[in-house]
Every structure is written in structure tokens, then in C-alpha cells.
Amino acid sequence: MNRICLLAILIICVGRFTEGASRPAVVNIGAMFAVSTINGGVSKIAIKAAEEDVNADPSILSGTKFSVSIHDSNYSGFLSIIGALKYMESDTVAIIGPQTSVMAHIISHLANELHVPLLSFTALDPTLTSLQYPYFLQTAPNDQFQMNAIGDIVSYFGWKEVVALFTDDDQSRNGVTALGDKLAEKTHKISYKAVLPPDPTATRDQVKNELVKIQIMESRVIVLHTFSRTGLLVFDVAKELGMMESEYVWIATSWLSTVLDSKSPLPQKTKDSIQGVLTLRPHTPDSQRKRAFISRWKKLSNGTIGLNPYGLYAYDTVWIIAHAVNLLLDQGGTISFSKHTSIPRYGGGIMNLSALSIFDGGQQLLENILQTNTTGLTGPLAFHSDRSPVNPSYDIINIMENGYQQVGYWYNNSGLSVVPPKTPSNWSSSNQHLGVVVWPGGTTKKPRGWVFPNNGKQLRIGVPNRVGYRAFVSRQNGTDVVKGYCIDIFLAAIKLLPYALPHRFELFGDGHKNPSYDELVNMVASGKFDAAVGDIAIVANRTKTVDFSQPYIESGLVVVAPLRRSNSRAWAFMQPFSPLMWGITAAFFLIVGSVLWILEHRINDEFRGPPRKQIGTILWFSFSTMFFAHRENTVSLLGRMVLIIWLFIVLIINSSYTASLTSMLTIQQLSSPITGIDTLISSTEPIGFQVGSFAQNYLIEELNIPNSRLVPLGSPEEYARALKNKTVAAVVDEGPYIELFLSDNCMFSIRGPEFTKSGWGFAFPRDSPLAIDMSTAILTLSENGELQQIHEKWLSKKTCASQTSDDVSDQLQLQSFWGLFLICGTACVIALVIHFSLAFRQYLRRSPEDDHQSDLEPSGHGSTSYGTTATRRLTFLSFIDEKKDQSKDNKSKRKRKEIASSNRNGKEDESRDASTSKRVQMNNSEILHNPDNETWLTR
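Caption draft 1: The arrangement of the packing of aromatic side chains in detail. Counted by the stated rule, this structure contains 20 aromatic pairs. When the ring of Tyr156 is compared with that of Phe157, the centres are 4.8 Å apart and the planes differ by 80°; the resulting orientation is edge-to-face. You can call Tyr156 partly exposed: its relative accessible area is 31%. Each ring, one from Phe588 and one from Phe821, has its centre 4.8 Å from the other, and the planes form 35°; the classification is tilted. Of this pair, Phe588 sits in helix H18 (residues 579-600) while Phe821 sits in helix H27 (residues 818-844), and the two are 233 residues apart along the sequence.

So this is what it looks like as C-alpha cells:
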């Protein structure tokens, strides 16, 4: 038994000895920073504090010492490479750093080759992707997120253009590229990129030269993406140049917030130079651990430097590596290195390249780092599939005279808010909001974000020096004063701008002929003019070089031709109605006549007689109603109703016909063989065009009209002279010109519709903010009616009555009268239904005596004998055809009443009738035997 116990104790001791032997005594971690920088100094203190905390925590690494050595690169790329090689010679399992993205691009190649994970929270170049550098990992949000935040800020305040001022290194350059992409998504842009030498080599003169360039530009929104030393120098020079006053907007990236957090209190000169600036700071949520570390910081730093968010990221990065190494050892991994077989062995010197070896557990350690899921001082410590940290967010800081205030937050994919980002669910991109910002100059009014170039000097506005159509724009009495329709609209629009617009008009052209408007637009594009005002058509080729305001008048190409007095035609009286209208009208004359004959035939002698006579009556009555000259009277109520409706319709048709025919025989006597652009193209007639307009290029390039057919015309007098002399058969030009021309020349007319649609607008250089503001002002003029008032002042004149369309379009169509015909047809149908219903009822109620009497009566036509008709039975058609006898109807009605009355008398009447019958028989017997009655009987 004792032997068994001793054996068990021996096994346990051996197990513990073996376990201890599998874990290394020390795990070496390297770190590279320029310790003299703000982030470098803060990171050194935070990393050492994290090292102590890891080694003091018994729950991690199980007694293995976690050793972090820091290498000072001192702003030198060469020293950074030396430090990386030194670490990789000494069995280092991971490296924290480098501090700059320039070195990260270089050292990442070494990390890839030797499988040593490289973790950085300050090298935040967004182009350091995992595809190219699989062993490089950013433990803080890279500059892509920071630039997204700036893009949302610019969009929130409505600024269209920004100037990017940055140092010429990989991180700043690629960060500005990311900003440009973000702005482009929101239809904004970077108008100018000002480049400074890499930090900290920029001199005061170099900074001043770039700021002077920015000062003469339009945009006043400046994004400064650099590092602390260069950034503070930029603000100092900007203050000296007066660029920290009102109307300027400065947005600094997170470098400025690190200065505020770590270099407090700032010198008064620095405070004065950064008032009104917006800056970003990585957001780290409040927690118990964070507050404890902040209270501990003063002791750790001895009060030499303040804590900033990158110090918190440095602390968490050490813990991320510690957890990953601990997991590696728990998984049975070992800290071992293998020689790199492809490296030749170099001997001698300080560096021993042959000592570089591959970390065997590097891949597993990297995977453990990416699987990190814990909580640190900066909040949740985890990575997305693209290796970016979870929940990237920023505080938006506004620097004021007595410190700074937080005006809002930015959260990835959710935008801006005044509340802290507790969870992604409480953010909404549709509810963007920031607090009150104090801008440079001490104002809370949002800056416009741009000014006129050349330090607000007067804008040079090109105005065409026209020869004809001076109502649009003209030079006054040989002076440089200009006036006209276009000028009045421009002056009215600038009064609505929220700022002053210093300007002066400069005439373009020699005054002897109209200038080329394409040349005027090109001068705006080239910068010789700051804008162009006049009758400038907005067409496609011009919009490629300049921006136009909202059109203030519609325009387009039309065809104008001389009108010739047409000869009267023999069948001109047929033109007022279309053929279908004539046909339907004639049919209704016959229909109405036939209906009235049916309704009047039984009771009206004027509608009876032989068939020939009745047909003539129908035709005569039908067409005589056209002149209200019908002689036949209508007796029936239904006939009168139909006739009244028909006479009303005839009145309307007659009036319409008279008016249309009168118009055609007077006004429409003026006509032209040119009916539109199609007939003009197919003809061989010369075509005139307005000198200086786009019409010439359009006719040649789009319609393929030979240049030999085109005749340049300038003034209205040239138009009229060419047309009257028949030198030009048709003139093509823009609508507003023709409006003035036709008001004074009534023998010419627009033929056909406009075949192009455009408008007139003011021309500005590409991407000029003034184009948008002027468009808004023009829309305001249109809404308040002032645009129409200016139009009436300069352009509204009485037009000629001859400026109408073709004759065919004035014909009256069936569509204009179908409602009347429908009413008439409905009335006829209803009247016939009622008429035949009553007649059929009378036919069913006729008595046998009526049939017998009908047989005895001679025919109405007098063509049949008594013997023939005696055997014929009355049919419904013959009943309808015969004349209705009113007296017989009355007699029949009285007889039916007597029969009904006798039936009600009963038996008393029967006895009385019997006695009466007896007396009658006696009287008859006496009469028969009386000789005096012989003569009556014989008769």
C-alpha cells in the first residue's frame, strides 16, 4: 500500500513538472513608438501598466512572465526597421506597433514572412488590408470610419465642397482618399488638396504657402488631417493670416483631440488659434474599469502627460495579446521558432540576419487574437470578419474659448446624434442632429462654407453686346450700363440671396454683330468671366463645361414662315364640319323626320296620304327644320317633345357652322406651304437662323441640313426683310425671339410645334455654389409672381390674329356634338317606345263591333271594295296605319260605362226591363198592323 501511495505521488510530481516544463518562463512582446510624441508617450505608460496588471493576475498565463520591451523609433523609419529586426531575432511572439502607417506597410512584410502578429492602434491607414498583410491587425478604428464621420458632418451642414489639408504620408494621403469617396456618395466633393511635408518636417513658410492658396479659393470648409506638431503649426499660421475668423470652417481629425486630452492646459496662444474648430475623438464608453484606470493615471504618469483614448487602446492591446497567448498555451501550443531556410547566413556585425526565425505558433496566435471576445477599457474587444473593431464610434468636439464641449456623437452606419451610442438600435440615420456649435469668430450661425474667389472681389459677369432684340439685354447709350429682361431677372435674383454679391457687368462683343454664345460660355469655363448673364440657351454641349441656374424662361427652336393670302375654294362651305360630322348630321335629319311621321301618322292629317306623299312629307319636314321653316303642325305630345329637342340641337349646329365658316373665310385666308420642320427639311428653301445661337450647329449636326441653305440673320429688321423679299422661305430660331418678332410682323406665323425644348439660364463655372443659390432665387421669383411681372414689362405685346395653326385644325369634329346627338337619339327611342306601347294597348282593347265597322268602312286608300274588306281581319299594322277616330272612341267608352252600370242594377232592373220589353213588343205589333206604316216599311 505504501508503495502504491509513493507511486501516485511520484506520478503527480512528474505531471506537474511536465506541465511546468510545457509553459515557457517568459513570453517576449515587442513595442515600437516615437516616445517623444503624444501618442508615443501615452502608449509607453499604458503598455507598462498593462504588463504589470497581466503579470499580477493569477488567472492568466499561469505563472508565465509577460515581458514587453519598448523600442523608441524617434520619428525614424530606419530605426523602426532596426527595432523590428531586433525583436524578430529574439524570439518575440508579437509586436505592438509601429506607430505610423508608413512603417506598417514595410514591417508588415517581415511579419508576413516570419509569422509574427503585428498589432497597432495608431497606424490607421485604411489601405492596410488583411489580404495584403494577413499578420497586421488594427486594434483601433481605422481612418475609413473617421472620414465617414467627417462626410456625415459635411452633409449635415449642407456644404458642397471642402478643402483637404494633409501631410504627405501614406496614412494621411489614403485617409483623404477615403474622405473623397465618402463625400462623392453624398454628392459632395474635395475641391482642392493641399499637401504638406511629412510630420514633423513641415516649416512655417511651407504651411503659409499652402494656406495662402486656400485663402483665395471659394471653399471655406477645411479638413485638416495630419499629426500634432504640424497641425498646431497650421492653426498658428492660419490665425496669423486671418483664417480663423467667421465664414471659415475647420474640421480636424482625432490628432487634435489627443492634444486636448494630453497637453492640458494648453498655452494661451494655442487656445486662441483653435477656437471654433470641430474635432473627432474615438468614443470609449464609460465603465467602472475605465474610471479606475483614469484615477490611477496620474500616479502612473507622474503628471507629465494626460490620458487620451489611444492610451486606453494601448492598454487593451496588451491584454488582447495576453489572452491570445494564454489560449495558445492552453491549446497545447508551444513557443518555438524555426530557422528561415531561404535567408543566407551573414556573419559579423551587430545584426545577425541568420538569427531570424519563423514563429511556429504564429498562425494559431493570430487566430486566437481574431477570436477575442471580452471587455476592456475601450469597451467590447472583438473583431468583425473584415478585422475591424466592433462598434466604432466618435465623439464630436467643439473647441471654445474656455475649453471645449461635446456637441454630438457619430456611430458607424447610423450617423450623427446628440445622445451617446449605447447600442446600435437606438440610432437612426433619418434623425441626424447635433448640438449648437460655436464657429470661428465666435458665431453660432452656420457658415455658408464658401465665398467668392479672389478674396471676395467683384465678380466679372459677361454680358452679350447684342445688336438686335435689345429688349433681352442691351448697352445703354454707348455707356457700360446694361439693361434688359435678362438683367432685371439677375438683379432681382441676387436680392434674394442671403449674402451680398459684388459684381460688375462686362460687355462681350464688338457691338456690330451678335457675339457667339458658345464663346461666351467657354470664357466662363476658362475663368475669364465668373458668370455669364443674358439670353443663353441651356443646351447639352454647354452643360459639359459650365453649370447653369434654373431656367427662367422656356425656349426652343420653331419654324417661322411668311403667310400668303389663299384664294377661296369652290367647296369652302364644306370645311367647317368634318366629313363624319356631315354624315351624322344628315342621318339625324332623316331619323328625326321618320320618328315624327310615326308619332303623327294616326292623328295628324298632314302626315297621311298616299306613300309618295308621305315620303315627301318626311324629307321636307326633316330638312326644313334646319331653317325653322317646316309647315306641318305636330299634334301629339310625344311629337312636340322630340321636335323641341331637335330644334334646339339644330340651333346649336347652325350657330357653330356659321361661326366656323366666318372664321375660315376671314382669318384663315392667310396660309403657308411650310407646315413644320418636316416640310422645311424636305424642301430646298433657304433657312434663316439667329446669329450667335445654337440653331446653326443643331441644324447641321442633328438635322443634316447643308450649310449652304443656312442664312445668318441678326436683327428683327433682317428677319422681316428676308421674308418679305422671299430670300428666306422659313426661319428657324428660339421662341422668345420670335415672340417679339411676330408681335410687330403680322404677315408671318409659327408653323408647327417646337421641335426642341430648352430654356435660358445664367452660366457659372463648374461646381459653383452660386448656381444652386441662384436657382433657388429664380424659383422664389417664379412663386411670388415677380418673374411674370418682369416678363410683362419687357416682352408682353399683343400678338397677331394671323398666328394660328392650319385650317384643318379648326374643323368642327363629332367629338364636340356627340352629347347632343345622344340626347336626341335617346328622346326618339323613348317616344317610339311609349307610342307603340299605347297603340298596342288600344289594339288589344278594341271591340268586335269596331272590327265589323272597320270591315264596313271603305279603305282609307279607296282601292278595295266592301266585299273584299268584309272578310279581312284587322292586324296590328293595319291598326297602326289607319287614322284614329276620336268620336268612335268616345262612343265606345260611353257604351262600356253603360254596360258596367247595368250589371250593377240587379234583379230590380230585370223586372223593369221585362215589362218594358213587353210594351215594346205590343207597340211593334200595333205598328205592323197599322196600314199607315206601309210606306215606311217599303222605304
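Further notes follow.
Caption draft 2: Region of interest: unusual backbone geometry. With an omega dihedral of 0°, the bond running from Gly97 to Pro98 counts as a cis peptide bond. If you trace the backbone, Pro98 turns up in the loop between strand E3 (92-96) and helix H4 (101-114). If you check the backbone angles, Glu247 has positive phi at about 80° while not being a glycine. Relative to the helices and strands, Glu247 is located in the loop between helix H8 (228-240) and strand E9 (249-252). The phi torsion at Asn391 lies on the positive side, around 55°, for a residue other than glycine. Summarising the element assignment, Asn391 is placed in the loop between strand E14 (379-381) and strand E15 (393-400). Residue classification places Asn391 among the partly exposed positions, given a relative accessible area of 38%.

Caption draft 3: Region of interest: the side chain of Thr279. Counting through the fold element by element, Thr279 comes out in strand E10 (residues 278-282). Residues in contact with Thr279, not counting those within four places in the same chain, are Ala252, Thr253, Ser254, Leu256, Ser257, Leu260, Asp395, Ile396 and Ile397.

Caption draft 4: Focus on the nonpolar core. Leu211, Phe235 and Trp250 are the most contacted members of the largest nonpolar core, which totals 98 residues. With 14 residues, helix H12 (residues 309-330) is the single largest residue contributor to this core. Here Phe235 is in contact with Leu224, Met244, Trp250, Ala252, Trp255, Leu256, Ser273, Ile274 and Val277, once residues within four sequence places are set aside. In this structure, Tyr469, Val560, Leu699 and Val731 belong to the second largest nonpolar core, which totals 79 residues.

Caption draft 5: Structural view of the sheet that holds strand E28 (residues 687-690). Pairing is mixed in the open sheet, where 5 strands are placed in the order E29-E28-E30-E25-E31. Two strands lie at the open edges of the sheet, namely strand E29 (710-713) and strand E31 (748-750), each paired on one side alone. Across the sheet, the mean angle from the axis of one strand to that of its neighbour is 30°, orientation sign disregarded. Where E28 meets E29, 4 bridges bridge the pair, whose relative direction is parallel. Among the inter-strand pairings, Gly688 is bridged to a residue of E29, identified as Val711.

Caption draft 6: Helix H26 (residues 786-794), seen in detail. Of all the positions in H26, only Leu787, Ile790 and His791 are classed as buried. An end-on view of H26 places all buried positions within 100° of arc, on one side of the element. Among the exposed residues of H26, those pointing more than 90 degrees away from its buried face are Gln789 and Lys793.

The rules behind these values
Residues numbered from 1 in each chain as written. Predicted model: local features only at pLDDT ≥ 70, side-chain atom pairs only at ≥ 80, totals over all residues. Heavy atoms only, no water. Phe/Tyr/Trp six-rings, centres within 6.5 Å; stacked < 30°, edge-to-face > 60°. Buried < 20%, exposed > 50% of the residue type's maximum accessible area, 1.4 Å probe, protein only. Helix = DSSP H or I, 4+ residues; strand = E, 2+ residues; numbered from the N terminus. Contact = heavy atoms within 4.5 Å. Core = buried A, V, L, I, M, F, W, Y, C linked by side-chain atoms within 4.5 Å. Pairing = 2+ DSSP bridges. Axes fitted to C-alpha atoms, helices over the stretch in contact; angles between N-to-C directions. Arc of directions from axis to C-beta.

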